[in-house]
Amino acid sequence: MKLIADENLHRNIITSLQNEGYDVYCIQDNNHGISDEEIVGLYGMPNSIIVTEDKDFGDLIFLKKVNTNAIILLRYSKLLNEVGLIIPVLLNFLKENELEYLKGKFIVLTPFKKRIRKINQDLD
């Protein structure tokens, strides 16, 4: 599974994913400044998951009906420095769930809960 790290993703999250052996393509290092639509269009391919902190991806998926494989939206407080709380939540979630399960899902992870919603009806 390839993880696409949106350019707003905290560097500690990216490093933690890489340290766990995940194949991470980092937008901020390779395609800085491209739009969310371009990220979905270029990288929302089979066997990839976009990991972001940007709520606008929800609008793309549910309002504009843009098709993609899977998105994980991380929600945590930067003011309370909760990045250290969200990293193990993300890593555990990825370890517990196979790519096949994640396909066609919009996943919201917080330090204390998760929400999973089906998005792509025509991927199955």
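Up top you'll find the structure we're talking about.
About the thresholds
- Here, residues in each chain are numbered from 1, in the same order as that chain's written sequence.
- Only residues with pLDDT of at least 70 get local features here, since the model is predicted, and only at 80 or more are side-chain atom pairs given and counted; chain-wide, interface and lining totals rely on the full set of residues.
- Calculation of side-chain values draws on the structure's entire complement of heavy atoms; hydrogens and water are dropped beforehand.
- Numbered from the N terminus, helices here are DSSP runs of H or I no shorter than four residues, and strands are runs of E no shorter than two.
- Every radius of gyration here is taken over C-alpha atoms, with the globule rule written as 2.2 Å times N^0.38, N being the number of residues.
- A 1.4 Å probe rolled over the protein chains alone gives each residue an accessible area, and that area as a share of the maximum for its type sets the label: buried under 20%, exposed over 50%, partly exposed in between.
- Here a residue-residue contact requires only that any non-hydrogen atoms of the pair lie within 4.5 Å.
- Only the protein chains shown count as cover for residues, and the accessible areas themselves come from Shrake-Rupley with a 1.4 Å probe.
- Positive charges come from Lys and Arg alone, negative charges from Asp and Glu alone, with His and the N- and C-terminal ends not counted.
- Positions of charges follow a simple convention, taking NZ of Lys, CZ of Arg, CG of Asp or CD of Glu.
- DSSP bridges decide pairing: two strands pair if at least two such bridges lie between them.
- Handedness is read with the strands pointing away from the viewer; a crossover is right-handed when the path from the first strand over the helix to the second is clockwise.
- Each salt bridge in this description consists of a side-chain nitrogen of Lys or Arg and a carboxyl oxygen of Asp or Glu lying within 4 Å of one another.
- The patch calculation keeps residues exceeding 30% relative accessible area without a salt bridge and links them within 9 Å when they carry like charges or within 5 Å when they are nonpolar (Val, Leu, Ile, Met, Phe, Trp, Tyr).
- Aromatic rings from Phe, Tyr and Trp, taking only the six-membered ring of Trp, are treated as a pair when their centres fall within 6.5 Å; an angle between ring planes under 30 degrees marks them as stacked, one over 60 as edge-to-face, and anything in between as tilted.
- Working rule: Lys NZ or Arg CZ, within 6 Å of ring centre, within 35 degrees of ring normal, means a charge sits over the ring.
- Put simply, buried Ala, Val, Leu, Ile, Met, Phe, Trp, Tyr and Cys residues joined by side-chain atoms within 4.5 Å make one nonpolar core.

Draft legend 1. Up close: the overall build of the chain. If you tally the helices and strands in the chain, you get 6 helices and 6 strands. Taking 14 Å as the expected radius of gyration for a compact globule of 124 residues, we find that the chain reaches 13 Å, a close match to that expectation. Reported as C-alpha extents along the three principal axes, the dimensions of the chain are approximately 35 × 30 × 30 Å. Considering the chain as a whole, with its 124 residues, one finds that 49% of them fall into the buried category. Counting only contacts in the chain whose residues sit at least 6 apart along the sequence, the fraction spanning at least 24 positions is 51%. For the chain, the accessible surface area stands at approximately 6700 Å², while carbon and sulfur atoms represent 49% of it. When the 15 positive and 18 negative side-chain charges of the chain are each reduced to one mean point, those points stand 6 Å apart.

Draft legend 2. Representation of the pairing of strand β4 (residues 70-74). Of all 5 residues that make up β4, 5 are buried, and the element is covered over most of its length. Residues Ala70, Ile72 and Leu74 of β4 are buried on one face, and the alternating residues Ile71 and Leu73, pointing to the opposite face, are buried as well. Note that strand β3 (residues 48-52) and β4 share 3 bridges and pair parallel. Looking at β4, one finds that Ile50 is bridged to Ile71. In this view, the connection linking β3 to its parallel neighbour β4 by way of helix α4 (residues 56-62) has right-handed handedness.

Draft legend 3. Focus on the pattern of salt bridges. Inspection of the entire model under this criterion finds 5 salt bridges. Lys78 is paired through a salt bridge with Glu53; the nearest N and O atoms lie 2.8 Å apart. Taken as a pair, Lys78 in the loop between β4 and α5 (83-96) and Glu53 in the loop between β3 and α4 lie far apart in primary sequence, 25 residues in all. One salt bridge connects Lys103 with Glu100, and the closest N-O pair in it is separated by 3.0 Å.

Draft legend 4. Fine view of a positive patch on the surface. A grouping of Lys55, Arg75, Lys113 and Arg115 is seen on the molecular surface, where their side chains present a positively charged patch. Arg115 gets classed as partly exposed once you look at its relative accessible area, which sits at 45%.

Draft legend 5. Structural view of the packing of aromatic side chains. Counted by the stated rule, this structure contains 0 aromatic pairs. A cation over a ring is seen here: Lys105 above Tyr101, with NZ or CZ 4.5 Å from the ring centre.

Draft legend 6. Layout of the nonpolar core. Judged by nonpolar contacts, the single largest core of 26 residues is most densely connected at Ile13, Leu17, Ile72, Leu74 and Leu90. For this core, the elements supplying multiple residues, two or more each, are β1 (2-5), α1 (11-19), β2 (23-26), β3, β4, α5, α6 (99-102) and β5 (105-109). In terms of residue count, the dominant contributor to this core is α5 (7 residues). In terms of nonpolar packing, the next biggest core, distinct from the first, is built from 15 residues, Ile27, Val40, Ile61 and Ile71 among them.

Any functional reading would require information beyond the geometric quantities listed.
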